[in-house]
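# Fold and contact review
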Amino acid sequence: MKRNLKGSRRVAEKDKDRVSSRAAKGAGMDARVMRHLLRQMLLIRRFEEKAAEMYALGKIGGFLHLYIGQEAVAAGAMSAIREDDYAISHYREHGHCLAKGTDPQRIMAELFGRHGGLSKGKGGSMHLFDRAHNFLGGHAIVGGHIPIATGVGFAIKYEGKDQVVLCFFGDGAVNQGVLHESFNLAMLWKLPVIYICENNWYAMGTPLEKASAVQDLYKKAAAYEMPGEPVDGMDVLAVRECVGRAVARARGESLPTFIEARTYRYRGHSMRDPSAAIYRTREEVEEQKKRDPIVRFQQCLMEQGALDEDEWRKMDKEVTDVVDEAVAYADASPEPPLGVLYEDV
Ligand SMILES: Cc1ncc(C[n+]2csc(CCOP(=O)(O)OP(=O)(O)O)c2C)c(N)n1
Ligand SMILES: [Mg+2]
């Protein structure tokens, strides 16, 4: 059944003003940070567009879940943590891995299933893992990594360290039992874990309103007396600020937070679901694209004088070159040799 997003989820004209005023504030603070955030989002977007192209050419096999539309969440959240903090994600994780600082070449090679990939070509799109950058995967079971994040939070506290964990998952994971078990323990033991639900309103083809008795997902934190906040996940500065508050709480008070980042995916659930029109209307998708996190932020930075046309073109060219080099690296990387088939398992 086709449907439309209602009420607060619709495009609000005032959204742009909100981004604009944040950008103004931000630009006054540090234009370099603003340009960094824009570049991160653009890198994720161009990387994903190229991955879709490579999938169509048959260079990438298996599953491929694109993050296009949701870039502000990964870019904003990662900008609020330190390099030695941890991040863990579900299977729509290319953006998180890129934003955590992983080399795009190693990620593309993994998507290609090549030996030079992050998981030596044996994991593929859903199993990116980068120990050097404290990126703990890439997990295919919906909600399966939420207790792992909670355990990492426990380990940090047990060892007396001051790192935090960012745990990303979708709206489809919120009613999984493990999320509730994790929330209970994280609050009981006061663990430095920031749970970030990227609410893109659909779990495959199932709309949130058909799957969840509670529509304001952040409110679920209240059952555990855990701090919970909604945030506009199409506004990179809003995400950065919201995650920043949670990080301060985690490091300073050793408390978890549940953030509901309201966002939207433009593409199908995976490359095998190109027919978005089955469970949502094309009009809905087009309407949501008007809130595009990259376009709006870029325009706002230009209005604020933090970016000019030349810099924007240069940034896009640089990022496109990085992605092209990633493809060249992946293409040149060999298939995993047969002898390593049973290694690392
Ligand atoms: C436990 C479990 N049940 C079902 C699936 C099949 N499945 C894969 S993705 C998905 C939808 C999850 O949607 P959501 O959590 O909203 O994340 P999104 O894809 O929107 O990013 C489902 C049901 C699975 N991988 N794991
Ligand atoms: Mg979803």
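In this report, the structure presented in the accompanying data block is examined. (Residues numbered from 1 in each chain as written. Chains lettered and ligands numbered in written order. Predicted model: local features only at pLDDT ≥ 70, side-chain atom pairs only at ≥ 80, totals over all residues.)

## Focus on the nonpolar core
What counts here: By convention in this section, buried Ala, Val, Leu, Ile, Met, Phe, Trp, Tyr and Cys residues joined through C-beta atoms within 7 Å make up a nonpolar core. Burial is judged by counting the other C-beta atoms within 10 Å of a residue's own C-beta: 20 or more makes it buried, 12 or fewer makes it exposed, and any count in between marks it as partly exposed, with every C-beta position built from the backbone. Numbering of helices and strands runs from the N terminus, with a helix taken as a DSSP run of H or I at least four residues long and a strand as a DSSP run of E at least two residues long. We call two residues in contact when the distance between their C-beta atoms, placed using the backbone, is within 7 Å.
By size, the foremost hydrophobic cluster in this structure holds 86 residues, and its most contacted members are V165, C167, I194, I196 and I259. Looking at this core element by element, the count peaks at 10 residues for helix α2 (residues 31–56). If we ignore the near neighbours within four places in the chain, the residues touching C167 are I88, H145, I146, A149, V193, I194, Y195 and I196.

## Some words on the site of ligand 1
Operational definition: Throughout this description, a residue near a molecule or strand is one whose C-beta atom, derived from the backbone, lies within 6 Å of it. Only Asp, Glu, Lys and Arg are considered charged in this grouping, and only Ala, Val, Leu, Ile, Met, Phe, Trp, Tyr, Cys and Pro are considered nonpolar; every other residue, Gly among them, is considered polar.
Near ligand 1 lie 13 residues; those nearest to it are V142, G170, D171, G172 and A203. Here the shell around ligand 1 is composed, by residue class, of seven nonpolar, four polar and two charged.

## Topic: the sheet that holds strand β3 (residues 193–199)
To be explicit about the condition: Paired strands, as defined in this entry, are two strands with at least two bridges between them according to DSSP. Between N-to-C directions, angles span 0 to 180 degrees; the directions come from axes that are lines fitted to C-alpha atoms, helices contributing only their stretch in contact.
With parallel pairing, the five strands of this open sheet are ordered in space as β1-β2-β3-β7-β6. The strands lining the two open edges of the sheet, one partner per strand, are β1 (86–88) and β6 (228–232). Pairs of neighbouring strands in the sheet enclose a mean axial angle of 20°, with direction left out of account. Bridge count for β1 against strand β2 (residues 165–170) is three bridges, and the pairing is parallel. Each residue of the ladder has a partner; that of I88, found in β2, is C167. Seen against the sheet, helix α6 (residues 146–158) touches β1, β2 and β3 and runs at an angle of roughly 170° to β2.

## Some details on the packing of helix α3 (residues 71–78) against helix α9 (residues 236–253)
How we decide: By the definition adopted for this analysis, an angle is roughly parallel if under 35 degrees, roughly antiparallel if over 145, roughly perpendicular if from 65 to 115, and oblique otherwise. The sense of a crossing depends on the near helix, which, turned anticlockwise from the far helix by less than a right angle, makes the crossing left-handed and, turned clockwise, makes it right-handed.
Direction vectors running N to C along α3 and α9 enclose 40°, while the axes themselves pass 7 Å from each other. With respect to each other, α3 and α9 are oriented oblique. For α3 against α9, the interelement crossing comes out right-handed. Where α3 approaches α9, its residues A72, V73, A75, G76 and A77 are matched on the opposing element by V236, L237, V239, R240 and V243.

## A short note on the pairing of β3
Formally: With the strands pointing away from the viewer, any crossover whose connection runs clockwise from the first strand over the helix to the second is right-handed.
Within β3, seven of the seven residues are buried, which leaves it mostly tucked inside the rest of the structure. Burial along β3 is two-sided: the face carrying V193, Y195, C197 and N199 and the face carrying I194, I196 and E198 are both buried. Where β2 and β3 come together, six bridges link them in parallel fashion. Among the inter-strand pairings, L166 is bridged to a residue of β3, identified as I194. Where the polypeptide runs from β2 across helix α7 (residues 177–188) and back to β3, its parallel neighbour, the crossover connection is right-handed. Two strands pair when backbone bridges link them, and β3 and strand β7 (residues 257–262) are joined in this way by six bridges, in the parallel orientation. Along β7, the bridge assignment pairs C197 with E260.

## Concerning the environment of G69
Here G69 shows up in the loop between α2 and α3. In this structure, the C-alpha to C-alpha distance between G69 and K210, residues 141 residues apart in sequence, is 23 Å. If near-sequence neighbours (up to four positions away) are discounted, G69 is found in contact with T263, Y264, R265 and Y266.

## Some words on α3
Most of α3 is tucked away: eight of the eight residues are buried. Taken together, the buried positions of α3 are occupied by E71, A72, V73, A74, A75, G76, A77 and M78.

## A word on the packing of helix α5 (residues 104–111) against helix α12 (residues 309–332)
Their axes nearest at 8 Å, the elements α5 and α12 cross at an angle of 50°. The angle between the axes of α5 and α12 places the two elements in the oblique class. Along this stretch, α5 crosses α12, giving a crossing that reads as right-handed. Residues P104, Q105, M108 and A109 of α5 pack against V322, V323, E325, A326, V327, Y329 and A330 of α12. Considering only residue class, the contact of α5 with α12 consists of nine nonpolar, one polar and one charged.

## A closer look at α6
Formally: Working rule for helices: expected span equals 1.5 Å times residues minus one. Comment: arc refers to directions from the helix axis out to C-beta atoms.
Along its 13 residues, α6 runs 18 Å from first to last C-alpha, staying within 8% of the 18 Å computed at 1.5 Å per residue. Listed as buried for α6 are I146, A149, T150, V152, G153 and I156. Seen end-on, α6 carries its buried residues on one side only, within an arc spanning 155°. Contacts from the buried residues of α6 go to β1, β2, α7 and β3. Residue G160 follows α6 closely and has a positive phi angle near 70°.

## Considerations on the pairing of β6
Direction of pairing for β6 relative to β7: parallel, over a ladder of five bridges. Bridge pairing in β7 places G228 opposite F258. For the segment spanning β6, α9 and β7, crossover handedness is right-handed.

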